[in-house]
Structures are given as C-alpha cells and as structure tokens.
Amino acid sequence: MTAPRVIRDVARLLVLSAIVARRWSGPALRRLLRRPVPATEVGRRLRETCEALGITYVKLGQYLAARFDLLPMAVARELGRLFDSVEPMPYDELLRQIGRELGRPAETVFASVERVPLGSASVAQVHRARTRDGRDLAVKVRRPGVQERFDSDMRNLSRLARIVDALGVLHGVPLADAAREFETFTRRELDFRLEAATMDTAARETSAHLEIPAVHADLVTPGLLAMAYVEGVTLARAIEVWESGGRAALDSLVSGLDLARVNEDLTLGTLHQIFVTGHFQADPHPGNVIIRPDGRLVLVDFGIYGRLSPGRVETLSSYVENLVLGNIDAAYRSYLRLLTPSAATDTRAFEREFKALLWKYYIVSSNPDVPLVERHLGSFADRILSLLYRYRIQLEINTLLFWRALIVLDSTSLRPSQHFDLQGTMRTFFEQVRPGAVERVLAIVGDPAWHASVAALPQLSARAHRRALAIQATPLAARTTERARERTVEDSWLTFAMLSAGTLALASATARAGLDPSLVPVAVAVAVIVISATRLSRRRA
C-alpha cells in the first residue's frame, strides 16, 4: 500500500472515529447500563451519522435502507429518509470537471451550461446544457475525488467488518459479505457508463406507460452522462401543489392532470419492468418521475436498479399470482426458493408464521369492505420483511430491490389518492399484461442456466463412454447392473432433451396457429405421462 493511500485511509478513519464517538457515546453508555435504546433513535442517529460522513456512508445508508433482512424495520425506514443533497460545486470547478471527463475544454462541446443545477447530491449534480450542434441536454457530472474517497472508505469498512465478524457481534450475520455486496452495489452507481447502458436497455423494453430519456452515447464517460432534457414537473412537485392548493393549484401547474391516471401508469410501467423484462428502476419515488405537459410520464435516475433472471422473475410472479388467488401453500413454496436461512433459523416456526401472514393478507385484500389503505401492499411487505429479520433469513440484493420498488410504489400511490387500489391494479396486470405460457417457456429456455444444462449433455455422454471402457473387464453381472444405471441416466437426459425440444416446437406452433397458450402445459403433461408409462414398461420388460 502506497504512503498517500495509507495517509488517506488513516485520515478518513480518524474522521469516522470522531463522528461516531460524538454521536454514539450516549447510546453506548445506556446499553452498558442495560437501559433500552429505541429502534427509532438508533435509526435517527445512524441516518445523521451517514449524512455527516459524506458520500460513502450516505450510499451505505441507502443500501442498508433496502436490507430489511439485516436491520429492524424502524431503522431501515429512518435510513430511507437520508438527505442526499449538498451544496453544488463552484461553476468554474464544474466546467473543469466536464473538461477532465471529456478530454477537452467544456466550451468546445457546449454552447451553454446553466449555472443553477437541476439537482445536487453527494455523488453528482445535474445541469441543463446545450451543445454547439444544438442538442438540449441534461448533463450529470460526478464530483471530483468521489472515487478516491469511496475506495479509501471501503478499505476501512472492510477492515472493520472483518473485526466485527471475528468477534461475533452480529451473531452469525456475515458483515464482511454485506460489505462486499455493498461495494459491488455502489461501484456500479459511480460508473455512469453502466447507468447509460441500463437506461438504453430500459428504453428498448419499456411499456407505453413510461418513457426513458434518450442517452447521448458520444457524451458518456465514467463520470459524465448526457441525456435528453425533459420538459415538465416532477410528480413530487405535483403532489405537493395538490396537497397544499387542491385542484385549482394543480391545474395551474399542469392543466387537466389526473393523478389517479398518473398512479396507474407509474404502477403498470414499474410492474412491466419487474415482471416482464426483469430490469427495473428500484427507486420510483415521486422525485424521479417527470410529468410532461401532455401528461406522459418519464422515469429518470437509474443509479439504483435491479436485475432479475427469467427464473427469478418466474418465481416472484408465481408467488404473487398464487397469493392473489389464495393458493397459500403454493405461494409459500415459491417464496421459499428466494430465501437463505441461517443456522439460527427455526424453519418450521417460520413456515407457520409466514403462512398465517399470507392468509391474513389474502383475506383482508379480498374483502371490498376493508378500506384500501389497510389493503395496500406496503404494510404487508413491512411485516414480511420484519419476519425475515426476526428469523435471521436473508434475501439476495435484487430480490430486496424488488421489495424496495414495490414499497416505494405503494407509498407513492397513497399520497395523491387514498382510493388508489394497488392490489386491484396488480391483479389486472397479471390477468392482461404478463406474458402467457408460450412466452414464459421461451424466456426460461433463453436463460443462460438452461443453456449451461444443455451444454453439459456432450460432457455427460463422454464421461459415460469413458466409464463404459473402464468396466469392460468386470464380471457380466456387474456390467449389467452398471449398464442399467447408465441407461437410467441416459434416459433421464434424453427425456429432458425431448421434452425441451417438444415444448419449444409446440409453443411455436401454438403461437403461429393462434391457439390457446394453455394447451402447451396440458400437452406437455400428457407427454410426461406417456414417456413415464413407456419407461415403466421397459423396466418391467
């Protein structure tokens, strides 16, 4: 480690120690005296500590706000209120930073860059700008020194995490693993090239309910991102005006704006991202939604995003669909595939509580006489995630981002309208929008994991051949038994290959013929029965 890096790490560690000592000495003393410290106070102090320490710890707080499986819900909720807004960098420094990123003076590229930023946060600030060839853009510029400070903070955090794990302070929760996941999670947010690629993907895959600003690829670097400027007002501003001034004030801002329709479009657009494409903006709060003058919605800021494989999309969809239909056992089995229990998890007690919670939600959500506020998904998600924390069960980060997106969506929909039925909108989505059986089969077959299984077939065949050569000298009876085992393996793989190819062909033929997609699983089931009966008769023979 070089001397400047050591000095930087020690300096940051001293700042961390001073702020932690000042803000946490009181609660630590109370714990030593066996006096309780409320979770709300812990959350507030943790939020204030993160804000005081700057970029890395603000991002750490935002990451922990999504880790409902590691923190009590009250603490996670408080961290969700992190104030990530700081004074903008001086204008001259902004222009120099743009020049450093582009490798040439800013004035050779931009005819104008507005002095007042559209937004200013710990990582970057956004300015409206016009290029010399006439493009009207929103330019996101990373602050100087952000990467170096993050690297230094992560080295210190990793050291502290290893010490905490060695002392067993968190009772088996691997803090070092969480630190590594946080580092991966945040590094992708600091590289604007990844955000640009995510926006391009989202723009190609979006539904008619949401628009994504076009990225200008010639003005994208690790620390600079240029996108089309969007005229309009944020949903946060529209809600604020409506709450303070009512319908007349809202019409003066955006004439004829229907907030119920905005809610529905935002919900259906987000559900399309999650359950159809598997790529979703994980923070759809009102400040990240721009309403154009014509009422269309534009989603911005893809720094925090989730990616779900086709298999995981199918699992989450199965869970939600079965829950909506009241198939509680099936819903539990689907959700169980997403969980990682710890050594401290009482799986039987968790199953009982989890199913009871699902039943309660199904009964409440199915009763039209229950107020919509009590039927909303956010409170149910809170109880589910609190249950995971209590039983020391963890979720993969993209699944947590899925829950984060739904909770943010839920709280957003409650603000402008206490009558918006998120549950009913989700039910409509699954009935009308989500892909049918044909598309789902094709998506799963397109999963890299499926291709890996198919690619293993030649290797399996080669291993079986080598094994056959190795046992040629064995007694006949032993060879017969061995051959029977090999034939069983070969039959299994052959059955798998036949069913896969047959399902693909049947799906394609059904789609071309315009027949009911539900015929596909029925036909596959018949094929399974026929093949099973054939194999049984061969064994008896």
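Use the structure listed above.
So, here's what we can say about the structure.

### Observations concerning the pattern of salt bridges
Then step 1. The final tally for this structure, using the stated rule, is 32 salt bridges.
Then step 2. In this structure, the salt-bridge partner of Glu93 is Arg100, at a minimum N-O distance of 2.6 Å.
Then step 3. Residue classification places Arg100 among the partly exposed residues on the basis of a relative accessible area of 48%.
Then step 4. For Glu353, the salt bridge goes to Arg390, with nearest N and O atoms at 2.7 Å. Of this pair, Glu353 sits in helix H13 (residues 347-366) while Arg390 is found in helix H15 (residues 377-390), placing the two residues 37 residues apart along the sequence.

### Here we look at the sheet that holds strand E7 (residues 233-234)
Then step 1. In space, the three strands of this open sheet follow the order E7-E9-E10, with antiparallel pairing throughout. Among the strands making up the open sheet, the edge pair consists of E7 and strand E10 (297-299).
Then step 2. Bridge analysis of strand E9 (residues 289-291) against E10 gives three bridges, and the strand direction is antiparallel. What sits directly across from Val289, in E10, is Leu299.

### Focus on the nonpolar core
Then step 1. In terms of nonpolar packing, the biggest core is built from 100 residues, with Phe275, Tyr319, Tyr335, Phe350, Phe354, Leu358 and Leu395 touching the most fellow members.
Then step 2. Broken down by element, this core gets its largest block of residues, nine residues, from helix H16 (residues 397-414).
Then step 3. Setting aside anything within four residues of it in sequence, one finds Leu358 in contact with Tyr319, Leu323, Ile328, Ala331, Tyr332, Phe380 and Ile384.
Then step 4. In this structure, Leu94, Ala106, Phe110 and Val139 belong to the second largest nonpolar core, which totals 16 residues.

### Considerations on empty space enclosed by the protein
Empty space among the atoms can be located by rolling a probe the size of a water molecule over them.
Then step 1. Tallying each qualifying case throughout the model produces two cavities of 30 Å³ or more.
Then step 2. Estimated volume of the second largest cavity: approximately 30 Å³.
Then step 3. Every residue lining the second largest cavity is listed: Ala202, Glu205, Thr206, His272, Gln273, Thr277 and His279.
Then step 4. Among the elements of the structure, helix H8 (192-205) and helix H10 (259-277) are those that each provide at least two residues to the lining of the second largest cavity.

### Digging into the pairing of strand E5 (residues 215-221)
Then step 1. Counting buried residues in E5 gives five out of seven residues, a clear majority hidden from the surface.
Then step 2. Of the strand pairs in this sheet, E5 and strand E6 (residues 224-228) are connected by three bridges, and their pairing is antiparallel. Note on E6: the bridge partner recorded for Val220 is Leu225.
Then step 3. Hairpin connection between E5 and E6: a loop of two residues separates the two successive antiparallel strands.

### Notes on the packing of aromatic side chains
Then step 1. Summed over all chains, the structure comprises 13 aromatic pairs.
Then step 2. With a centroid separation of 5.9 Å and an interplanar angle of 80°, the aromatic rings of Phe275 and Phe402 are classed as edge-to-face. Placement of Phe275 in helix H10 and of Phe402 in helix H16 is noted, with a sequence separation of 127 residues between them. Taken as a pair, Phe275 and Phe402 share a single burial class, namely buried.
Then step 3. Ring geometry for Phe402 against Trp403: centres 5.3 Å apart, planes inclined by 65°, an arrangement best described as edge-to-face.

### Focus: the packing of helix H6 (residues 146-167) against helix H7 (residues 175-190)
Then step 1. Viewed as axis vectors pointing N to C, H6 and H7 meet at an angle of 165°, and their least axial separation amounts to 8 Å. Overall, the two elements H6 and H7 adopt an arrangement that is roughly antiparallel. The chirality of how H6 crosses H7 is right-handed. Facing H6, whose interface residues are Val146, Gln147, Phe150, Asp151, Met154, Leu157, Ala161, Val164 and Asp165, H7 presents Leu175, Ala176, Ala179, Phe182, Glu183, Thr186, Arg187 and Leu190.

### Remarks on helix H2 (residues 39-53)
Then step 1. Across its 15 residues, H2 extends 21 Å between first and last C-alpha, which sits within 8% of the 21 Å expected from 1.5 Å per residue.
Then step 2. Among the residues of H2, Glu41, Gly43, Arg45, Arg47, Thr49, Cys50 and Leu53 are the ones counted as buried.

Thresholds, definitions, all that
Residues numbered from 1 in each chain as written. Predicted model: local features only at pLDDT ≥ 70, side-chain atom pairs only at ≥ 80, totals over all residues. Heavy atoms only, no water. Salt bridge = Lys/Arg side-chain N within 4 Å of Asp/Glu carboxyl O. Buried < 20%, exposed > 50% of the residue type's maximum accessible area, 1.4 Å probe, protein only. Helix = DSSP H or I, 4+ residues; strand = E, 2+ residues; numbered from the N terminus. Pairing = 2+ DSSP bridges. Core = buried A, V, L, I, M, F, W, Y, C linked by side-chain atoms within 4.5 Å. Contact = heavy atoms within 4.5 Å. 1 Å grid on protein atoms, 1.4 Å probe; cavity = no way out; pocket = protein on both sides within 12 Å on 5 of 7 lines; lining within 4 Å. Points joined across faces, edges and corners; volume = space filled by probe spheres on them. Phe/Tyr/Trp six-rings, centres within 6.5 Å; stacked < 30°, edge-to-face > 60°. Axes fitted to C-alpha atoms, helices over the stretch in contact; angles between N-to-C directions. Parallel < 35°, antiparallel > 145°, perpendicular 65-115°, else oblique. Left-handed = near helix turned anticlockwise from the far one by under 90°. Expected span 1.5 Å × (residues − 1).

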